[in-house]
Structures are given as structure tokens and as C-alpha cells.
Amino acid sequence: MKQGIFTIAENSALTSNVFRMKLVGDVSDITTSGQFINIKLDGLYLRRPISVFDRDDDSVTVIYKVVGHGTEQMSTMKVGEKLDVLTGLGNGYDTSLCKEHAVLLGGGVGVPPLYMLAKTLINEGKKVSVVLGFNTKEEIFCEEDFKALGADVKVTTVDGSYGIKGFVTDALPESYDHFFTCGPEPMLKAVYRATDTSGQMSFEERMGCGFGACMGCSCKTLTGYKRICKDGPVMLKEEILWED
Amino acid sequence: MGRLNVSLCGIELDNPIIPASGTFGYGYEYADLYDINILGTFSFKGTTKDPRFGNPTPRIAECYSGMINAVGLQNPGVEKVVSEELPKLKKCFDKKVMANVGGFSVEEYVYTARMLDKEEQVGWIEVNISCPNVHGGGIAFGTSPENAAVITKAVKEAVRKPVIVKLSPNVTDIVAIAKAVEKAGADAISLINTMLGMRIDLKTKKPVIANKMGGFSGPAIFPVALRMVYQVANAVNIPVIGMGGVSSAEDVIEMMLAGATAVQIGAANLVDPYICKDIIEKLPQVMDKYNIDNLKDIIGEVK
């Protein structure tokens, strides 16, 4: 983990309430896809954890949805403004567990962390199928980004206004050896039931610190108590314990 | 002796800065960030006899200038703390650590305190009779002078190391409780634990926290904490450790002027993981600004 001051280089709307923000600064601690950063905002006490969409040598890009005061404030920030950010948080996805063909399943704002993952898998020479799930056509973002990587991309919408009507589980490819997913908990549960391969799931929880100190985001797993921020947010399918 | 030195129950501290229990784990998360030996000491995660998962999530809520937590004393239990956490801590911390003890009965407090008292790394036993997040324990003992005295006396008789009793602000008369634990043999008092608070999510019309209520901490509670430290320090003859919303070197000095011998820093660690290091580094220049030669000289200067 590192703390640094980052400069906003881009903050643009992708849909009516989803934004892409590029932050320039020291990103050396962002080592794996599926990690997150924790952003301090003026007037708000706790930092806001946001998953990493992509990084390059001197910047990190996040895609966030306006869901509360913090993300609303972020959406009004201008290029050139500065933010205090903790980087390199969370364990991230382990691509070594996929042998040849991965399927990436993202729902809504669960889509962004899969982008850097897709890039990594493709660089490793693996076949990547992506299924992006949204409620309606108006909510879709990032489809072109994944296509540009050379991944096989399918989009599902709950209302059928675009792509395949239904959920991400309705568009699973016929064969793959490992899945990676991020999205709302009902979707994660559906993916858990619909897949029979090994896989990794990224979880979300209200966090205090984001680096494992406060025990605010603990969960029970088959391999003991885990902190979603530090031992997660990515968990192996085999260790997940659904509590209800 | 440096300008920042203070003495706490016979143990010299290089400075009065002590990360508070529950915000610093068992130390090693922060040891990855900076050398934690620069701290006065720290109070480790509240430890109970048996392992505890704690409360359901969400356990955390944002507030104006603060946060609410209802973690509920998640910890691996005293046996694992002794066999796993303390050996891990030993690799990154050479000083005496403050052992924070929670419980649900007099017997449990005594059992846990006795186990930790035997550990050479432990310098003080901080007895938490004020956790607002667990039912049937913690705060039940900290809200009446009689019960607070019973726990204090029982732990004091069971251990050899200095006993610090951590008080709850969720009481009518903090001074009565402070006097009761002093009379029962406490070597020091720490205060304040979090204040009972609550938030409601307007979208779901339900409490944000699964436990409904939780402990409110952060800069918003600093004036309340300062007032209680002042009242207690003026009523007892044992050292007082001040805490509650402390977030800067200036806050530390204010707490000491009010009567604190040492100062704990809690919620601020979660937002700014380097805060204790920053405060220790800034203290000398802030002391210069206000013509303070030695911190120990200002303890309780405000009458």
C-alpha cells in the first residue's frame, strides 16, 4: 500500500451516472488486476474504495457509478484537481489459476475491474470470453474497450433492449476452464450456481480503512474469517460460504 | 530524556502517542507502512477469552467528521493472540504493548487478563468495560460504578502488570465511575471509548449498520472527549489516557493540557494510516510554537 497525491487527468461521463476518472501519480503499488484504491474527499470522513479499471506507467483509471455523496462529489471534480489516494489495496485476481480459456462475468459497476484482468489474460496468451450484464441499453459502458482488446464480448440486458435478454449466466460460453466475476451479490450467487469450473469472485462491503486494520468488512468463508479489503476482495469459489 | 517523553505507570514512553485498540490490529499491518517502534506504544485489538467473529455487516457508517463502527470485538481469542499474534508482533515491535481485554463475565475478563499478563511483551492491561457493540458484555460493566469496580478489582487481583480501565462516555456521571475504578485499584484510566450513535439509509429506510447502533468516533467527538478527560483528571489521582477524535499534534497538546498523561489515536488511523508518525514528527515544532519545552510539564496545566 502507498499513499500519494494524484492529479485528475480525465473525468468524463460514460452514461448518465457512470464516470471514468484517470489519476496521475505513483502507481507502483498497483500490481494486480482486481485491486482497488481508496480516495479521500473533502468534507467526507471515510475514504471511498473504488476498483481499478486500468493502469499504465504513471496513472490509474477508475470507473465509478454515482451512488452517494462521495461518488457524487467525485463526478463534479475537474481535470487538474488533486486527490489523496491509497493505492495497491486488496489481493486481486490470480490469473495463474486459468489454464487456457477464461470467462469474465461482470454486472453493472462490477465490470471495470475485469478490464485490466482481460488485458493480463490476453497478454498471457489465454482465450478470453467476456459477458457484460446491464439492466438496460442506456446503462451499457465499456463494451468497446473489451472488444478492442480482442476478447470475445457478449452483452446481456435484463429488459432485452440490447444484446442477449437476461442475465450474464444466460450467455456463458460452451466451454472454459476458469471464471472470474464481479458484480452485485445476487449475480455472484447465480454465477456460483451456473458454473461448474473453478473460479474467482470479487466482493463488495462497506469498509472502514480498506487496508485490514479495522475489521469493518469481515466475512465468513470455508477457510476462516476473511477481511474483504485485505484478504479479498477476490475470493476463490471453493472458499465461499453463502450465509443466506 | 527527550522533550516528548512521558511516564505511564512506571514505564517510560518515548512520546505519548498510542494508537487506540481496534484501529491498529495487532500492529503488523502498519509495520508494513512505517517503523512502529517510533510510537509510545499501541493498544492491540480487543481480545476476549474465546474467538469471536463479531457482528454482521455492514459494520461501518460515514458521519459528519467521523464514523460509526459496530465490529463487535472480532478477534481470534486470547490463546491465538498469545501463540500467533504476539510472536508476529515481536518481529516488528521491540517495545511493551498495551493488551486490550474484553469480556462477557468477570471470569472471562480475569482469564484473558491473566493469560496476557504472563506475556513478556505486554506492558499494561487495558480493560475495556465500555464496548458499545456487544450485548451482555463490555458496556454493561462500564455504565455502573459498582460493576466497573467489581471488574477492576477482580482483574487487579489476578495480574501483576499495571491495569488501565477504559471508560465509556455513554453514562450520566463519568466522574463517579472514574472514582469507583480508582478506588478498586486501577493504575490508570483511559477514556473515552466511542459514543453510541446511529445512521439511517434514506433509500432503504433501514439503519446503515446491521447492528442498528454502533460506536461514533472521529473529530466530531473531540470536544466531548476533552471535557470528560478534564473532569476525570481533576477528580482522580491516577494517570489518565485521553482519546476521542484526536487527529493532530495540536489535539494531543490540548488533551494533555486537560489532564492526559498519554493520548490514544483511533479513527484517524483508519483514514490516514500515517497519522501517528506525522503527529510524532510534528509535535516538536507545534511545541515550539506554543513555548512548550517538555510535554510532561503541561499535563493537567488547565485547571
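In what follows, the structure referred to is the one given above.
Since we're looking at a predicted model, the values are computed, not measured.

Caption draft 1: Fine view of the overall build of chain A. Along chain A, the regular secondary structure elements total four helices and 15 strands. Computed over C-alpha atoms, the radius of gyration of chain A comes to 17 Å, within 12% of the 18 Å expected from 2.2 N^0.38 for 244 residues, which places it in the range of a compact globule. Considered along the principal axes of its C-alpha atoms, chain A spans approximately 45 × 40 × 35 Å. Scored against the burial criterion, the 244 residues of chain A give a buried share of 48%.

Caption draft 2: Up close: unusual backbone geometry. A cis amide bond links G232 of chain A to the next residue, P233 of chain A, at an omega of 10°. Here P233 of chain A lies in the loop between β14 (224-227) and β15 (234-236). Here the residue pair T57 of chain B and P58 of chain B is connected by a cis peptide bond, since its omega of 0° sits within 30 degrees of zero. Looking at where P58 of chain B falls in the secondary structure, it is placed in the loop between α1 (28-31) and β4 (60-63). The residue M215 of chain A is not glycine, and still its phi comes out positive at about 65°. Looking at the secondary structure, you find M215 of chain A in the loop between β12 (198-202) and β13 (218-221). Judged by C-beta crowding, with 28 C-beta atoms within 10 Å, M215 of chain A ranks as buried.

Caption draft 3: Representation of the packing of helix α7 (residues 222-233) of chain B against helix α8 (residues 249-258) of chain B within the structure. All names here are of chain B. The N-to-C vectors of α7 and α8 enclose an angle of 30°; their axes lie 8 Å apart at closest approach. What the angle tells us is that α7 and α8 run roughly parallel. Along the contact surface, α7 presents F222, L226, V229, Y230 and A233, while α8 presents D251, E254, M255 and A258. Within the contact of α7 with α8, the residues separate by chemical class into seven nonpolar, no polar and two charged.

Caption draft 4: View of the interface of chain A and chain B. Between chain A and chain B, the residue contacts involve 22 residues of the former and 26 residues of the latter. Of the residues belonging to the side of chain A that touches chain B, the class tally is twelve nonpolar, five polar and five charged.

Caption draft 5: Structural context of the sheet that holds strand β8 (residues 127-134) of chain A. All names here are of chain A. With respect to topology, seven strands assemble into an open sheet ordered β10-β9-β8-β7-β11-β12-β15, the strand pairing being mixed. One side of each edge strand has no neighbouring strand; the edge strands of this open sheet are β10 (164-165) and β15. Sheet topology note: the strand β7 (residues 101-107)/β8 ladder contains seven bridges and is parallel. From the neighbouring strand, H101 faces β8, where its bridge partner is K127. Across the sheet, helix α4 (residues 185-194) is in contact with β7, β8, β11 (178-182) and β12; its angle to β11 comes to roughly 170°.

Cut-offs and rules
- Residues numbered from 1 in each chain as written.
- Chains lettered and ligands numbered in written order.
- Predicted model: local features only at pLDDT ≥ 70, side-chain atom pairs only at ≥ 80, totals over all residues.
- Helix = DSSP H or I, 4+ residues; strand = E, 2+ residues; numbered from the N terminus.
- Rg over C-alpha atoms; globule rule 2.2 N^0.38 Å.
- Buried ≥ 20, exposed ≤ 12 C-beta atoms within 10 Å, placed from the backbone.
- Axes fitted to C-alpha atoms, helices over the stretch in contact; angles between N-to-C directions.
- Parallel < 35°, antiparallel > 145°, perpendicular 65-115°, else oblique.
- Contact = placed C-beta atoms within 7 Å.
- Nonpolar A, V, L, I, M, F, W, Y, C, P; charged D, E, K, R; others polar.
- Pairing = 2+ DSSP bridges.

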